[in-house]
Amino acid sequence: MSDRNSPHRRPAVFSTRRRVLAAVTSFALVGGLALSGAVPAASADAVRHRDGVQADLDRLVSEEKFPAALAAVRTSDGRNRNYTAGVAELGTKRRPPVDGRVRIGSNTKTFVATVVLQLVGEGRVDLDEPIETYLPDLIRGDGIDGRQITVRQVLQHTSGLPRYVDDIAPDFFRLQHTYFEPRDLLDLALANKASFTPGTKWEYSNTNYLVAGLLIQKVTGRPVAEEITNRIIVPLKLRDTYFPNVGEQGIRGRHPHGYYTDDPDKPLQDVTKMDPSWGWAAGAMISSPSDTNRFFAALLAGDLLRPAELDQMRTTVPAFAGRGYGLGLMSWDLPCGDRAWGHGGDTPGFTTRGGATEDGRAVTLAVTSTPTTETSANQVDAATNAALCE
């Protein structure tokens, strides 16, 4: 989820600095999903030979050199299939845990947008009110005025708010264990000039979701993590999904290791432990492939939002490469002719792709390193879309 560039711009063509920034900003594109679930040990080899999803995961490991790939596929009748390939940790022969927990990066944005839209449904937030109404005197800068930026524009990345990642990450490994306060990140962003006049174009910026997180906390008087937990995670019984605590650097429970390099010619380094505070409400959450599927399927089914708010979420503007961006939710057309809705995320160590269709199908695919070439990134995307079409 590149914050500096469009989501389709690939690390292979970046300078070393830009490759780092592309991983750190974590923008979710529609691509390879991690399919996780239980395949009985006795039938695993047979499934591998006859199942296209397993074959695609195997290729991601053997040909694209991802340490591991996990995926969960949910069928329209609610049945689940789970897949893994590769190893849980480099230097071992341990298989990745089925449906293991991974960092889901910018999928966090859809959780945050859902909470904001629930507040809209409760009459506590108005999408077309200026952000100034809820965060007075906070959003100010060169060409930046919270009185001219609406809540809708913040959620849709049409606000013109500048990015902050360039200011904190000349080298990811220097910030891997650094804690950032959300307000400090926002101050860094607001020290930059506005990217454009609000409402005149679309441009992805993690800063928008720092503001959305702060809005939730101001309106509710509670931490954004608590609101996400009480409003989404608990009602949906998402047992593997959580927003890390302040200072929490590891991943709880069963999980594969995540790996990253800032140069394709250098070896991968284990970055499983990191402080995700640089992403906060824009990309800090952890989940499993099946939980992520459950969330997106429930969201599209209307289990989290009233019809009016769900319609607003699914009203898109052109974003990139045929994708539309709504309010924390993307849409794209699948090769089989169906339309998918989701988000995706990239964070050093993990890339997740996936979404759900109108009939209840859902796929989440995760790989345990950030793609370093355009080919490998495209293959993750293609595997995800193929799984959604099966």
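Refer to the structure above for everything that follows.
Remarks on the overall build of the protein
Line of reasoning, step 1. Looking only at helices and strands, the protein has 13 helices and 15 strands in total.
Line of reasoning, step 2. In the protein, buried positions account for 61% of the 390 residues.
Line of reasoning, step 3. A sequence separation of at least 24 residues applies to 72% of the contacts in the protein between residues at least 6 apart.
Line of reasoning, step 4. Summing over all exposed atoms, the protein offers an accessible surface of approximately 14,300 Å²; the carbon and sulfur share of this is 47%.

As for the packing of aromatic side chains
Line of reasoning, step 1. Within the structure shown, the criterion is met by nine aromatic pairs.
Line of reasoning, step 2. Members of the aromatic cluster, connected to one another through ring pairs, are Trp 202, Tyr 204, Phe 320 and Tyr 325.
Line of reasoning, step 3. The ring centre of Tyr 242 lies 3.8 Å from the NZ or CZ of Arg 252, which sits over that ring.
Line of reasoning, step 4. Taking the ring centre of Trp 341 as reference, the NZ or CZ of Arg 314 above it sits at 4.7 Å.

Quick look at unusual backbone geometry
Line of reasoning, step 1. Here Asp 99, not a glycine, exhibits a phi torsion of approximately 60°, which is positive.
Line of reasoning, step 2. Tracing the backbone shows Asp 99 in the loop between β2 (80–86) and β3 (102–103).
Line of reasoning, step 3. You can call Asp 99 buried: its relative accessible area is 14%.
Line of reasoning, step 4. Despite not being glycine, His 157 shows a phi value in the positive range, around 60°.
Line of reasoning, step 5. With respect to the helices and strands, His 157 occurs in the loop between α5 (151–156) and α6 (165–168).
Line of reasoning, step 6. You can call His 157 buried: its relative accessible area is 0%.

Digging into the environment of Thr 357
Line of reasoning, step 1. Mapping Thr 357 onto the fold places it in strand β14 (residues 350–357).
Line of reasoning, step 2. Leave out the neighbours within four places in its chain, and Thr 357 touches Leu 300, Leu 334, Arg 339 and Leu 388.

Brief notes about the packing of helix α4 (residues 107–121) against helix α11 (residues 289–300)
The description of two helices packed together rests on the angle between their axes and the distance between the axes.
Line of reasoning, step 1. For the pair α4 and α11, the least separation of the axes is 12 Å and the interaxial angle reads 40°. If you check the angle between α4 and α11, you find them oblique. Regarding α4 and α11, the two cross each other, and that crossing is left-handed. Contact with α4, carried on its side by Asn 107, Thr 110, Phe 111 and Thr 114, involves Phe 295, Phe 296 and Leu 299 of α11 and no other residues of that element.
Line of reasoning, step 2. Taken together, the residues of the contact of α4 with α11 break down into four nonpolar, three polar and no charged.

Focus: the pairing of strand β9 (residues 317–320)
Line of reasoning, step 1. One ladder, built from three bridges, connects β9 with strand β10 (residues 323–325); its direction is antiparallel. Each bridged residue has a counterpart across the sheet, and for Val 317 the counterpart in β10 is Tyr 325.
Line of reasoning, step 2. The hairpin turn running from β9 into β10, its antiparallel successor, is two residues long, and Ala 321 in that turn takes a positive phi close to 45°.

Focus: the pairing of β14
Line of reasoning, step 1. Most of β14 sits inside the fold, with eight of its eight residues counted as buried.
Line of reasoning, step 2. As judged from the three bridges shared by strand β12 (residues 339–342) and β14, these two strands associate in the antiparallel manner. If you follow Gly 342 over to β14, its bridge partner there is Gly 355.
Line of reasoning, step 3. Bridge count for strand β13 (residues 345–347) against β14 is three bridges, and the pairing is antiparallel. Its bridge partner being in β14, Thr 347 is matched across the sheet by Phe 350.
Line of reasoning, step 4. The turn linking β13 back onto β14 is made up of two residues, and Gly 349 within it adopts a positive phi angle of 105°.
Line of reasoning, step 5. Where β14 meets strand β15 (residues 362–367), six bridges bridge the pair, whose relative direction is antiparallel.

Some thoughts on the packing of helix α3 (residues 52–62) against helix α13 (residues 374–389)
Line of reasoning, step 1. Contact geometry of α3 with α13 gives a least axis separation of 10 Å together with a crossing angle of 170°. Taken together, α3 and α13 sit at an angle that is classed as roughly antiparallel. Here α3 contributes Val 53, Asp 56 and Leu 60 to the contact with α13, which in turn contributes Gln 379, Val 380, Ala 383, Ala 386 and Ala 387.
Line of reasoning, step 2. Looking at the contact of α3 with α13 residue by residue, the classes come out as six nonpolar, one polar and one charged.

What counts, and at which threshold
- Residues numbered from 1 in each chain as written.
- Predicted model: local features only at pLDDT ≥ 70, side-chain atom pairs only at ≥ 80, totals over all residues.
- Heavy atoms only, no water.
- Helix = DSSP H or I, 4+ residues; strand = E, 2+ residues; numbered from the N terminus.
- Buried < 20%, exposed > 50% of the residue type's maximum accessible area, 1.4 Å probe, protein only.
- Contact = heavy atoms within 4.5 Å.
- Areas by Shrake-Rupley, 256 points an atom, 1.4 Å probe, with all protein chains shown as cover.
- Phe/Tyr/Trp six-rings, centres within 6.5 Å; stacked < 30°, edge-to-face > 60°.
- Lys NZ or Arg CZ within 6 Å of the ring centre and 35° of its normal.
- Axes fitted to C-alpha atoms, helices over the stretch in contact; angles between N-to-C directions.
- Parallel < 35°, antiparallel > 145°, perpendicular 65-115°, else oblique.
- Left-handed = near helix turned anticlockwise from the far one by under 90°.
- Nonpolar A, V, L, I, M, F, W, Y, C, P; charged D, E, K, R; others polar.
- Pairing = 2+ DSSP bridges.

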